[in-house]
Amino acid sequence: MTDMASLMEDRAAAKVISDNLRKPVDWDSPKITRNIKKRYAAERRFKSYGLVAICLALLALCTLALSIGSKGYSAFYQTYVQLEVTFDPAVIDPERTGDPDVIGRANFDGLIKQALRDRFPDVTSRSDKRDLYGIVSGGASYDLRERVLENPSLIGQTRTIWLISGDDFDMLNKGYIDPTVDEGDRRLNDKEVAWYNELVADGAVEKQFHTRFFTSGDSREPELAGIWGAAVGSFYTLLVTLALSFPIGVLAAIYLEEFAPKNRFTQIVEVNINNLAAVPSIVFGLLGLEVYLNVMHLPRSAPVVGGLTLALMTLPTIIIASRAAIKAVPPSIRQAALGLGASPVQTVTHHVLPLAMPGILTGTIIGMAQALGETAPLLMIGMVAFIVDIPGGALDPATVLPVQIYLWADSPERAFVEKTSAAIMVLLAFLVLMNGLAVYLRKKFERKW
Amino acid sequence: MSLSFLLLAVAALCALSFYFGRQRAVALSGGRHSNLHSLPVHYGAYTAAWCGLPALFLLLIWYMFQGSVIEALIVSDLPQEVIGDSGRLSLALNSISQIAAGGGEHLTVSPEIVDAGRRLANLQTIANAALVVVMLSVALAGLVLSYRRIEADMRARNNVERISRAIMIVCSAIAILSTVGIVFSLMFETLHFFSKINPLEFLFGLEWSPQTAIRADQVASEGAFGMIPLFVGTLLITLIAMCVAVPVGLFSAIYMGEYAAPKFRAVAKPALEILAGVPTVVYGFFAALTVAPFLRDNGAILGLDVSSESALAAGLVMGIMIIPFVSSLSDDVMSQVPKSLRDGSYALGATKSETIRQVIFPAALPGIVGAVLLAVSRAIGETMIVVMAAGLAANMTVNPLQAVTTVTVQIVTLLVGDQEFDSAKTLSAFALGLVLFLVTLGLNVFALKVVQKYREKYD
């Protein structure tokens, strides 16, 4: 009975609808015009959401670049202070031996301090003197020594020399320390600011290009710290990574794409490669720590271990890219080679691989760029040590650029903020270069079959 | 002899053996290559392979075991009471290796340790010398044996091809080996950890403070290893990141795929992809130095108490990082929706946005879900941003304005710097790593399945 009733109801509803449909639609009726307007408005809104989303993302990118750039550009310049230094023979080489060893051991720091005392003769108290010595960096004495060793005739003369300044002074000169705020709230006291002003009035303060930033290793003193040590460490690490992951990755890709039968083993390998590509990088660090350091006892903090760890991370990227490149080589080329009597391995090495090489190289460069920016796994294997020396090989303790950035970002000194940003700019420049190279290769060798 | 020098020597031997092998084949052929089974090059490659590969294999095995064997030798000679106590043992081993490396004058250690250090240095020298001798003799033996086996009708090419295929299989197996390595190295230390700490306490404990006592009378000597607060923190940050990345990424993909002019697309798409290529440490610096102070200052203006290391700052920046993953993956799946569906929708008079919302989006939904899941697993495993911007205090909070800590932050802080070997504190990092690995692995497998299943539909 109820079925019957509902059927009747449905029939009635259907009749209403069909009656309505039979009526000609009045397209100009206010209801429909309103509706269309509403739908077009919704369309415009929806489209603008998309545009807003892209703009937000690009805005974030610009903010990132601007905030790094505006903080970092000043690190490429360093404040120098001009002083009259007397190369006192009694200090440098009292017995007039002329022996570089004796000169090298001389107290050049004392000379600079003397020069500062001469420049500001009314400074007497001990704490004031200590502040005064802060004007010039502790590293300036090495520069002086170099200068004298190069040119021993300086001994006995008095010269006006530009000396690298201390970091607080540098910050004041670059405007990061505001001399107008309350004395207790800034790093430099009123006396130091007065000295600075006096030196500026004499024209004895200027900014010079900071070559040391590119040529020296890490240091606790911001004005002496440079990125060369980390850059060399990155180089050795990437060298090991490349030497391992490129041949292994390409060979694995060739096998999987050209030779592998469809069986359990190759299936597991394929699933594994996809999974490895998505494993968090820090887990690779744990693997490196356990296997390379605790089991194999390889040297801690060394680029070898970093390279071995990063190679495992880069491997999936290279394999996936290489497989795509090999797959893109048309089968007709293989068949022609095989038809002419080449063996399967010869077909691959003589024909498929050369044709796939641009694609493989592109993938490798992108993988290397990822490895260059990777930090977390390297923290695990001890590449965060404070290392001043430039590493001389893959077995020396070293750090890499991103880790150097991480270390500097942690430093309390104000001057390290600009160093960090500048190091980031250098790292990004390398990445842009590598990615640009990959794009260039892709464009140049792109080929439609 | 250093490692690189040794490798160079082996490489030189390989080159030599290639030359010899080739020469011998040419000599055997009597001037006509057709007398040989294979090309002379193959004979050269055959001898070179037999010269180099066994030696390299030996080197690998040697380096895997040298450390442990020498350590076992040293340990077996230490006094019994040192061996019995794992803390003292690791301390002793540390000093021994320092002494062996030529330092350690400042150490105050017993004479046995000093002796052991000397012995270690000795053993290392012996081991290195032995490696050189053994490796070079293996290479030479390979050279001589394979050289003597060369005959005119030897199937050198087939041999070489078999060898190269075997090498390729080994290379493919490395993917499996590294997964096995990850699982085993994490599992081993985790089991160690569970022998000290109850697994149930680790999995369900609500408190995380990994400080364990070195001395019994120390303040705050009770360590607590409950991972729940870390996961709450991780999920909070992941949630914030997803709130940024999913709408922005999805709408960018829609605009890029459906609306944008080709010129705009050509500029905007690579620009978005730059976001994925920026190293995470850069994002971390950006979060800690620009975003967090910005949030704190503006929060203060609004009367909110924003901590200087807040989940919000880390999450926002992580969201920015993840945008390109979401956008490019969902762009892929949406462009795979067949044209017939779109055309049908347009034919019914739907506008573009109606088509996208009611036809394309539902059709692509499984793929988009997969993309989002992949992004989630990336957010959970992300380390540097949270290390630099999220804080260390294990707060059980869902307030994004407070500092929280995450699994990866704890792994880094537990393992960077001075480590106490074998303490529950150090081992807990491996247990966390295992959980992290399993969670992200599960998410990835699930996400890849979803994406793949969806893809098959229209192929």
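On a predicted model such as this, the values are computed, not experimentally measured, just so you know.

S.K.: Pulling in residues and values, what's your account of the overall build of chain B?
M.R.: Helix and strand content of chain B: 16 helices and 2 strands. With the C-alpha coordinates of chain B rotated into their principal frame, the extents come out at 85 × 75 × 35 Å. Nonlocal contacts in chain B, meaning residues at least 24 apart in sequence, comprise 72% of its contacts between residues at least 6 apart. For chain B, the accessible area works out to roughly 21900 Å², and carbon and sulfur atoms hold 66% of it. Side chains of chain B give 28 positive and 30 negative charges; the mean places of these two sets differ by 17 Å.

S.K.: Can you break down the overall build of chain A residue by residue, with the values?
M.R.: Across its full length, chain A carries 19 helices and 3 strands. On the principal axes, the C-alpha backbone points of chain A span a range of 120 × 75 × 45 Å. When the 449 residues of chain A are sorted by exposure, 48% land in the buried category. Long-range contacts, defined here as pairs at least 24 residues apart, represent 75% of the contacts in chain A between residues at least 6 apart. Summed over its atoms, the accessible surface of chain A is roughly 22400 Å², and 59% of this surface lies on carbon and sulfur atoms. Taken as two groups, the 44 positive and 47 negative side-chain charges of chain A have centres that lie 15 Å from each other.

S.K.: Can you break down the pattern of salt bridges residue by residue, with the values?
M.R.: Residues and elements named next belong to chain A. Scanning the model with the defined rule gives 17 salt bridges over all chains in all. A salt bridge links Arg119 to Asp202; the shortest N-O distance between them is 2.2 Å. Highlighted residues: Arg119 in helix α5 (residues 108–119) and Asp202 in the loop between α9 (190–201) and β3 (205–209), separated in sequence by 83 residues. On the accessibility criterion, Arg119 (24% relative accessible area) is partly exposed. Among the ionic pairs, Arg323 bridges to Glu257, the shortest N-O distance being 2.9 Å. Highlighted residues: Arg323 in helix α14 (residues 303–327) and Glu257 in helix α11 (residues 228–259), separated in sequence by 66 residues. With a relative accessible area of 22%, Glu257 lands in the partly exposed category. Taken together, the shared-partner salt bridges connect Glu257, Lys262, Glu270 and Arg323 into one network.

S.K.: Which residues make up helix α15 (residues 407–415) of chain B, and what values do they have?
M.R.: With 8 of its 9 residues buried, α15 of chain B lies for the most part within the structure. Within α15 of chain B the residues assigned to the buried category are Val407, Thr408, Val409, Gln410, Ile411, Val412, Leu414 and Leu415 of chain B.

S.K.: An account of the packing of aromatic side chains is requested, with residue identities and associated values reported.
M.R.: For the structure on display, the rule yields 21 aromatic pairs over all chains. Seen in terms of ring centroids, Tyr77 of chain A and Phe209 of chain A are 6.0 Å apart; in terms of plane orientation they differ by 85°. Their pairing is edge-to-face. Taken together, the positions of Tyr77 of chain A in strand β1 (residues 77–86) and Phe209 of chain A in strand β3 put the pair 132 residues apart, joining distant regions of the chain. Just above the ring of Phe386 of chain A sits the side chain of Arg220 of chain A; from NZ or CZ to the centre is 3.6 Å. Above the face of the Tyr147 of chain B ring, Arg24 of chain B is positioned so that its terminal group lies 5.0 Å from the ring centre.

S.K.: Pulling in residues and values, what's your account of the pairing of β1 of chain A?
M.R.: Residue and element names in this part refer to chain A. Where β1 lies against β3, 5 bridges are found, and the strand directions are antiparallel. Bridged to Tyr80 within β3 is Glu206. In the sheet, β1 pairs with strand β2 (residues 158–164) via 7 bridges, with the strands oriented antiparallel. Each residue of the ladder has a partner; that of Glu84, found in β2, is Thr160.

S.K.: Can you tell me about empty space enclosed by the protein, naming the residues and giving the values?
M.R.: One way to see where empty space is left: roll a probe the size of a water molecule over the atoms. Residue and element names in this part refer to chain B. On inspection of all chains with the given rule, the structure shows 4 cavities of 30 Å³ or more. Empty space within the largest cavity amounts to approximately 60 Å³. In terms of lining, the largest cavity is formed by Ser252, Ala253, Met256, Lys269, Leu272, Glu273, Ser327, Ser328 and Asp331. Of all elements in the fold, only α8 (228–259), α9 (262–277) and α11 (311–335) reach the threshold of two or more residues within the lining of the largest cavity. Tallied by class, residues from the lining of the largest cavity come to 3 nonpolar, 3 polar and 3 charged.

S.K.: Got a sec to walk through the state of the cysteines? Specific residues and values, please.
M.R.: Within the structure shown, the criterion is met by 0 disulfides over all chains. The thiol sulfur of Cys171 of chain B is not disulfide-bonded, and the nearest other cysteine sulfur, from Cys14 of chain B, lies at 16 Å.

S.K.: So, the packing of helix α1 (residues 3–29) of chain B against helix α2 (residues 40–76) of chain B: which residues are in play, and what are the values?
M.R.: All names here are of chain B. Relative to each other, α1 and α2 sit at 155°, their axes nearing to 6 Å. Here α2 runs roughly antiparallel to α1, going by the angle between their axes. Two packed elements cross with a definite hand, and for α1 against α2 that hand is right-handed. Tallied by class, residues from the contact of α1 with α2 come to 19 nonpolar, 5 polar and 1 charged.

S.K.: Describe the sheet that holds β2 of chain A, with residues and values.
M.R.: All names here are of chain A. Sheet architecture is open: 3 strands sit in the order β2-β1-β3, paired in antiparallel fashion. Of all the strands in the sheet, the pair left with one neighbour each is β2 and β3. Averaged over all pairs of adjacent strands, the angle between their axes in this sheet comes to 40°, without regard to strand direction. In this fold helix α7 (residues 140–150) packs onto β1 and β2, with an angle of close to 135° to the strand it touches most, β2.

S.K.: Explain the confidence of the model for chain B residue by residue, including any values.
M.R.: Residue and element names in this part refer to chain B. Per-residue confidence for chain B averages 85 on the pLDDT scale, and 93% of its residues sit at or above 70. Ranking the elements of chain B by mean pLDDT puts helix α3 (residues 80–84) last with 72 and α8 first with 93. Predicted complex, confidence summary: ipTM 0.87, pTM 0.87.

S.K.: Give a description of the environment of Gln410 of chain B that names residues and reports values.
M.R.: Residue and element names in this part refer to chain B. The residue Gln410 is located in helix α15 in this model. Here Gln410 falls in the buried class, since its relative accessible area comes to 4%. Taking C-alpha positions, Gln410 is 39 Å from Met256, a pair spaced 154 residues apart along the chain. Those residues in contact with Gln410, other than ones at most four positions away along the chain, are Trp208, Pro210, Leu230, Leu392, Thr405 and Leu432.

S.K.: How would you sum up the packing of helix α19 (residues 415–445) of chain A against helix α10 (residues 280–301) of chain B? Please name residues and give values.
M.R.: Interaxial distance between α19 of chain A and α10 of chain B falls to 11 Å at its minimum, and their mutual angle equals 145°. Relative to α10 of chain B, the crossing made by α19 of chain A is left-handed. Across from Val417, Thr420, Ser421 and Ile424 of chain A in α19 of chain A, the residues of α10 of chain B making contact are Val282, Phe285 and Leu289 of chain B. When the residues that make up the contact of α19 of chain A with α10 of chain B are grouped by side-chain class, the tally is 5 nonpolar, 2 polar and no charged.

S.K.: Please provide a residue-by-residue account of the interface of chain A and chain B, values included.
M.R.: Chain A puts 77 residues into the contact, and the matching count from chain B is 84 residues. Roughly 6800 Å² is buried in total at the junction of chain A and chain B, and carbon and sulfur atoms are behind 76% of that figure. Counting across the interface, chain A meets chain B through 1 salt bridge. Two residues, Arg39 of chain A and Glu354 of chain B, come together in a salt bridge whose shortest N-O distance is 2.9 Å.

Rules used in this analysis
Positions within a chain are numbered from 1, following the residues in the order the chain's sequence is written. Written order decides the labels, with chains lettered from A and ligands numbered from 1. Selection of residues for local features in this predicted model requires a pLDDT of at least 70, selection of side-chain atom pairs for listing and counting requires 80 or more, and totals for whole chains, interfaces and linings are taken over all residues. Each side-chain value is derived from all of the structure's non-hydrogen atoms; neither hydrogens nor water enter the calculation. Segments assigned H or I by DSSP are reported as helices when at least four residues long, segments assigned E as strands when at least two residues long, and all are numbered from the N terminus. Contact criterion: two residues are considered in contact whenever any of their non-hydrogen atoms come within 4.5 Å of each other. All accessibility values rest on the Shrake-Rupley procedure with a 1.4 Å probe; residue burial counts only the protein chains present in the view. Positive charges come from Lys and Arg alone, negative charges from Asp and Glu alone, with His and the N- and C-terminal ends not counted. For the purpose of locating charges, the reference atoms are NZ of Lys, CZ of Arg, CG of Asp and CD of Glu. Burial classification: accessible surface area is computed with a 1.4 Å probe over protein chains only, and a residue below 20% of its type maximum counts as buried, one above 50% as exposed, and the rest as partly exposed. Salt-bridge detection follows one rule: a side-chain nitrogen of Lys or Arg within 4 Å of a carboxyl oxygen of Asp or Glu. Classification of ring pairs uses Phe, Tyr and Trp, with its six-membered ring standing for Trp, and accepts pairs whose centres are within 6.5 Å; under 30 degrees between planes counts as stacked, over 60 as edge-to-face, and the remaining range as tilted. Only Lys NZ and Arg CZ are tested; either one counts as a charge over a ring when it is within 6 Å of the ring centre and within 35 degrees of the ring normal. A strand pair is defined by DSSP finding two or more bridges across the two strands. A 1.4 Å probe that fits into a set of points on a 1 Å grid over the protein atoms alone but cannot get out defines a cavity; an open set with protein on both sides within 12 Å along at least five of seven lines defines a pocket, and lining residues are those with an atom within 4 Å of a point. Grid points are joined across faces, edges and corners, and a volume is the space filled by probe spheres set on the points. Residue classes follow a fixed rule: Ala, Val, Leu, Ile, Met, Phe, Trp, Tyr, Cys and Pro count as nonpolar, while Asp, Glu, Lys and Arg count as charged, and any other residue, Gly among them, counts as polar. Throughout, disulfides are identified as pairs of cysteine sulfur atoms within 2.5 Å of each other. Axis lines are fitted through C-alpha atoms, for helices just across the contact stretch, and the angle between N-to-C directions can take any value from 0 to 180 degrees. Relative orientations are named as follows: roughly parallel for angles under 35 degrees, roughly antiparallel for angles over 145 degrees, roughly perpendicular for angles from 65 to 115 degrees, and oblique for any other angle. Helix crossings get a hand from a simple test, with the near helix turned counterclockwise from the far one by less than a right angle marking a left-handed crossing and a clockwise turn marking a right-handed one. On a scale of 0 to 100, pLDDT captures the predictor's confidence in every residue. For any pair of parts, buried area is found by adding up, for both, the accessible area (1.4 Å probe) each one loses once the two are put together.

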